[in-house]
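So you can see what is in the structure, the chains are spelled out below.
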Amino acid sequence: MMTVAAARQLRDGTACFVGIGLPSTAANLARATHAPNLVLIYESGCLGAKPDRLPLSIGDGILADTADAVVSVPEVFNYWLQPGRIDVGFLGAAQLDRYGNINTTVIGGDYADPKVRLPGAGGAPEIAASCGEVVVVVRQSLRTFIDRVDFVTSVGYGRGPGDRERLGLRGGGPRVVITDLGILEPDPKTCELTLTRLHPGVTVEQARAATGWDLAVAGDLAAVDPPTEHELTVLRALEATKEVAAG
């Protein structure tokens, strides 16, 4: 459900900054179904990659072999990402708060002596700051969805309306958060993440119980359409290529 829902967010002809894992699977699913002209950009410098299987890493040779161009990592960030030339970016999160701020740095309030030190920022802050819009994909739980993140690695909407503008961030911020329970979108006035759609079989009570703040629910709450047979067939075929490449 998460992969298919993420793929549906990608529009044909747009440029997407892709990471490995679910984002790469979703982007390649979109390209193989409704968005054949989706431009995949990988952090390793591969622009317009068209892999015929799921890559195992951003350094997988299939990306360079099928790319329109291969440039340096600094060029990806300095020329393509930071000036706003990429439409959509995918991000994950160890912690996410009600305003879409992301923590992938430390768990625990003391940066010098945290409970857990996470992998860190990577390119995530630049993606959050500069992409036209951001799609966050993360499983929903009380451990992940907390009222205030322990560390702001990647800015969503800060503490509310106007913060992105005050910080001089070019991009539009998180447009949608896709979880294993449903889909959240920022309220146009408050910027607070609001539950707008539920996956089949999930209740509002379940979503609220997995959220560390008083989760707002849209008045026109809808259900996410289940995956079509075509989407499932293509997704399974993609996953099978990953197993072959790894084996």
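All values derive from a computational prediction rather than experimental measurement.

A. Representation of unusual backbone geometry. The phi dihedral of Cys191 is positive, around 70 degrees, even though this residue is not glycine. Inspection of the secondary structure assignment puts Cys191 in the loop between strand 12 (182–186) and strand 13 (193–198). Accessibility expressed as a relative area gives 12% for Cys191, which makes it buried.

B. Geometry of the packing of aromatic side chains. With the rule as written, the count across this model stands at 4 aromatic pairs. Above the plane of the ring of Tyr79 lies Arg85, whose end atom (NZ or CZ) is 3.9 Å from the centre. Just above the ring of Tyr111 sits the side chain of Arg117; from NZ or CZ to the centre is 4.9 Å.

C. Structural detail: the environment of Asp87. Positionally, Asp87 belongs in the loop between helix 4 (73–81) and strand 5 (88–91). Beyond its immediate sequence surroundings of up to four residues, Asp87 is in contact with Thr14, Ala15, Cys131, Gly132 and Glu133.

D. Expanded view of the side chain of Ser130. Among the structural elements, Ser130 can be located in helix 5 (residues 124–130). With residues near it in sequence (within four places) discarded, Ser130 still touches Leu81, Gln82, Gly84, Arg170 and Gly171.

E. Expanded view of the pattern of salt bridges. In the structure shown here, the tally under the stated rule is 11 salt bridges. With a closest N to O distance of 3.4 Å, Arg11 and Glu133 form a salt bridge. With Arg11 in the loop between helix 1 (2–8) and strand 1 (15–18) and Glu133 in strand 10 (residues 133–137), this pair connects stretches of sequence that are 122 residues apart. Residue Arg11 is classed as partly exposed on the basis of its relative accessible area of 40%. By relative accessible area, Glu133 is classed as buried at 12%. Two residues, Glu185 and Arg197, come together in a salt bridge whose shortest N-O distance is 3.4 Å. Residue Glu185 is located in strand 12, and its partner Arg197 is located in strand 13; the two are separated by 12 residues in the primary sequence.

F. Representation of the state of the cysteines in the model. Tallied over the full model, the rule gives 0 disulfides. Free cysteine Cys46: the closest other cysteine sulfur is in Cys16, separated by 14 Å. Free of any disulfide, Cys131 has its nearest neighbouring cysteine sulfur in Cys16, separated by 7.9 Å. Given a relative accessible area of 0%, Cys131 falls into the buried group.

Rules behind the numbers
- Residues numbered from 1 in each chain as written.
- Predicted model: local features only at pLDDT ≥ 70, side-chain atom pairs only at ≥ 80, totals over all residues.
- Heavy atoms only, no water.
- Helix = DSSP H or I, 4+ residues; strand = E, 2+ residues; numbered from the N terminus.
- Buried < 20%, exposed > 50% of the residue type's maximum accessible area, 1.4 Å probe, protein only.
- Phe/Tyr/Trp six-rings, centres within 6.5 Å; stacked < 30°, edge-to-face > 60°.
- Lys NZ or Arg CZ within 6 Å of the ring centre and 35° of its normal.
- Contact = heavy atoms within 4.5 Å.
- Salt bridge = Lys/Arg side-chain N within 4 Å of Asp/Glu carboxyl O.
- Disulfide = S-S within 2.5 Å.

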